[in-house]
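Residue-level listing of the chains:
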Amino acid sequence: MTANRADRHILLTGAALVATMNGPSNGPGNAAGEELTGAAVLVSGDRIAAVGPQAEIARQAPDETQRVDLTGHVLLPGMVNAHHHFFQTLTRAVPAAQDASLFDWLTALYPIWGRLTPEDIRLSTQIAMAELLLSGCTTSSDHLYIYPNDVRLDDSIEAAQEIGMRFHATRGSMSVGESAGGLPPDALVEGEDAILADSERLVGRWHDPEDGAMVRVGLAPCSPFSVSPDLMRQTAEMARRLGVGLHTHLAENDSDVAYSREHFGCTPAEYADALGWTGADVWHAHCVKLDGDGLDLFARTATGVAHCPSSNMRLASGIAPVRDMIDRGVPVGLGVDGSASNDASHMLAEARMALLLQRVGRDAAALSAREALALATRGGAQVLGRTDIGQIAPGLMADLTAFDIRGIAHAGAGHDPLAALIFGAPVSASLTMVNGRIVVQDGQLCSLDLPPLIEAHNHAALRLVGDL
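Just so you know, these numbers come straight off a predicted model, no measurement behind them.

Asks: Explain the packing of aromatic side chains residue by residue, including any values.
Replies: A complete count under the given rule lists 10 aromatic pairs for this structure. Here the aromatic rings of F225 and Y259 are separated by 6.2 Å at their centres, their planes lie at 75°, and the arrangement is edge-to-face. Here F225 is found in the loop between strand 11 (215-221) and helix 6 (229-242), whereas its partner Y259 is found in helix 7 (residues 254-264), with 34 residues between them in sequence. Considered together, F225 and Y259 belong to a single accessibility category, that of buried residues. Ring geometry for Y259 versus F264: centroids 6.1 Å apart, planes at 70°, classification edge-to-face. Positioned above the aromatic ring of Y147, the side-chain terminus of R171 is 4.2 Å from the ring centre. The cationic tip of R205 hangs over the ring face of W206; the distance from NZ or CZ to the ring centre is 3.8 Å.

Asks: Explain empty space enclosed by the protein to me, using residue names and the numbers behind them.
Replies: According to the stated counting rule, one finds two cavities of 30 Å³ or more in the structure shown. Here the largest cavity defines a volume of roughly 130 Å³. Considering each element in turn, the lining of the largest cavity owes the most residues, four residues, to helix 2 (residues 102-113). Broken down by class, the residue content of the lining of the largest cavity amounts to eight nonpolar, six polar and two charged. By volume, the second largest cavity is sized at about 40 Å³. Every residue lining the second largest cavity is listed: R171, S173, I195, L196, S199, L219, A220, P221, T235 and M238. Those elements that provide at least two residues to the lining of the second largest cavity are strand 10 (166-173), helix 5 (192-206), strand 11 and helix 6. Residues belonging to the lining of the second largest cavity are distributed by class as follows: six nonpolar, three polar and one charged.

Asks: Just give me the short version of unusual backbone geometry, but keep the residues and values in it.
Replies: In this model, N342 is joined to D343 through a cis peptide bond whose omega is 5°. Structurally, D343 can be placed in the loop between strand 15 (332-334) and helix 12 (347-361). Here the phi dihedral of A316 falls at roughly 55°; this positive angle occurs in a residue that is not glycine. Inspection of the secondary structure assignment puts A316 in the loop between helix 10 (309-314) and helix 11 (322-328). Unusually for a residue other than glycine, N435 sits at a positive phi of about 60°. Locating N435 in the fold gives a position in the loop between strand 17 (431-434) and strand 18 (437-441). Residue classification places N435 among the buried residues on the basis of a relative accessible area of 13%.

Asks: I'd like a description of a nonpolar patch on the surface, backed by residues and values.
Replies: On the surface, a cluster of nonpolar side chains totalling about 220 Å² of accessible area is made up of M313, M353 and L356. Take M313: it is sitting in helix 10.

Asks: Describe the sheet that holds strand 16 (residues 400-404), with residues and values.
Replies: Ordered by their spatial adjacency, seven strands build an open sheet running 3-2-7-16-17-18-19, and the pairing between neighbours is mixed. Edge strands, defined here as strands with exactly one partner in the open sheet, are strand 3 (35-36) and strand 19 (444-445). One ladder, built from two bridges, connects strand 2 (residues 17-19) with strand 7 (residues 73-77); its direction is parallel. Across the sheet, residue V18 finds its bridge partner in strand 7, namely L75.

Asks: Go over the pairing of strand 10, please, and point to the residues and values.
Replies: Extensive coverage of strand 10 is indicated by the burial of eight of its eight residues. The alternating pattern of strand 10 places R166, H168, T170 and G172 on one face and F167, A169, R171 and S173 on the opposite face, and all of these are buried. As paired elements, strand 9 (residues 137-144) and strand 10 share six bridges and run parallel to each other. Each residue of the ladder has a partner; that of H143, found in strand 10, is T170. In this fold, the crossover linking strand 9 to strand 10 by way of helix 4 (residues 153-163) has right-handed handedness. In terms of handedness, the path from strand 10 via helix 5 over to strand 11 forms a crossover that is right-handed.

Asks: Account for the packing of helix 5 against helix 6, with residues named and values stated.
Replies: Relative to each other, helix 5 and helix 6 sit at 20°, their axes nearing to 11 Å. Taken together, the axes of helix 5 and helix 6 are roughly parallel relative to one another. You can see that helix 5 and helix 6 cross each other, and the crossing is right-handed. When helix 5 is examined against helix 6, the residues E192, I195, L196, S199, E200 and V203 are found in contact with a partner set consisting of D230, L231, Q234, T235, M238, R241 and L242.

Asks: Report on the state of the cysteines, specifying residues and quantitative values.
Replies: Throughout the structure, instances matching the rule amount to zero disulfides. Free of any disulfide, C137 has its nearest cysteine sulfur in C308, 13 Å distant. Since its relative accessible area comes to 0%, C137 is described here as buried. Distance from the sulfur of C308, which forms no disulfide, to the nearest cysteine sulfur (C287) is 9.2 Å. Owing to a relative accessible area of 0%, C308 belongs among the buried residues under this scheme.

What counts and what doesn't
- Residues numbered from 1 in each chain as written.
- Predicted model: local features only at pLDDT ≥ 70, side-chain atom pairs only at ≥ 80, totals over all residues.
- Heavy atoms only, no water.
- Phe/Tyr/Trp six-rings, centres within 6.5 Å; stacked < 30°, edge-to-face > 60°.
- Helix = DSSP H or I, 4+ residues; strand = E, 2+ residues; numbered from the N terminus.
- Buried < 20%, exposed > 50% of the residue type's maximum accessible area, 1.4 Å probe, protein only.
- Lys NZ or Arg CZ within 6 Å of the ring centre and 35° of its normal.
- 1 Å grid on protein atoms, 1.4 Å probe; cavity = no way out; pocket = protein on both sides within 12 Å on 5 of 7 lines; lining within 4 Å.
- Points joined across faces, edges and corners; volume = space filled by probe spheres on them.
- Nonpolar A, V, L, I, M, F, W, Y, C, P; charged D, E, K, R; others polar.
- Patch = residues over 30% accessible without salt bridge, like charges linked within 9 Å, V, L, I, M, F, W, Y side chains within 5 Å.
- Areas by Shrake-Rupley, 256 points an atom, 1.4 Å probe, with all protein chains shown as cover.
- Salt bridge = Lys/Arg side-chain N within 4 Å of Asp/Glu carboxyl O.
- Pairing = 2+ DSSP bridges.
- Right-handed = clockwise from strand over helix to strand, strands pointing away.
- Axes fitted to C-alpha atoms, helices over the stretch in contact; angles between N-to-C directions.
- Parallel < 35°, antiparallel > 145°, perpendicular 65-115°, else oblique.
- Left-handed = near helix turned anticlockwise from the far one by under 90°.
- Contact = heavy atoms within 4.5 Å.
- Disulfide = S-S within 2.5 Å.

This is how it looks when you write it as structure tokens:
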């Protein structure tokens, strides 16, 4: 992607609805905020310059402005994916892991992941990001916690820069292998001094703390059952010293909770709090089994949660208490999770699953369509510590997506086109813009040539699983 020109202007006009998502991501009220008809959005450089009535905004547009007609579309802020494992696109639907819960699933896949190469990381990063962009997602976190065969997080960051997605790369790690009572094979764990040294190197090399940053780096020891308390504590201290976010898996299922009680004598939430892993700079994936005290702790400390409904269902982990989280004021975003436990990277589909899963676990009003979209946009931004994305407002980054509602998936739903995006079958985005650049146009990825990328990715996947 070429550098963004400050004098570049794009006018998005004609949309059936502009959903600003500037309402509260948690709490009462319309979670979607202002829903505008007859509105246009003017983008100047990498930011949103103006939002308002079409005629008024059109008059503000300079003569050389590129005009994009969104007749029949719903325009949204780009969605924010708060948890993923890009490398797992290479191990979708592996037979040995298809019908397993978390620990057995991991045990089946660890040996395969041990064959990953730097080129595999580059391929899987671009495939995962392409799939996300085509679903209207403009910012993604990724949790890379396995580093065999000279793999580095740099491989993923460099690949991301080619495709043009806003990226929160987290330096994951595993340091407690089977011989020390952990779950991963000893061959796949790293020394803790090496983990900490590489973490500091990566922050210094890649992390951009500024407003509008395209790359940020977080620190992310994998889980309580694969790293030591010392590494968790030292990582938290380093993250606060360097000013970066903290991320891990927590309270994912009953076995996860049992491990914490057996090895640490406390609940996962208590364990996290004791080691410095609560606060507005921390977000935990899953939290399916957080108890009431844990929910109150997270609300009190503004600790974030990445809710991963499809993965939680796929691995039979349970139903996360998202309604309770929202009502208590816990920051909540959505994550598609790894593509070996979902097995997709479609944010609109994930928002739909979030709505349906809360309803099957509680009642028909447990989560509204607008609340689900708020989790996928502004909620995810909040969890990642971003105030510059996640809604459509002047001065924020020009991360936008549009969905065509004239097709069969939304036939008969014109009375509420925004809710139709969630209640209807998930569709691909017609347009996705990141940092003021159109990266998906007319439903096609613009920044990379997909067919050869898919072919290379499929070849790598077959090699990893042993079919070549």
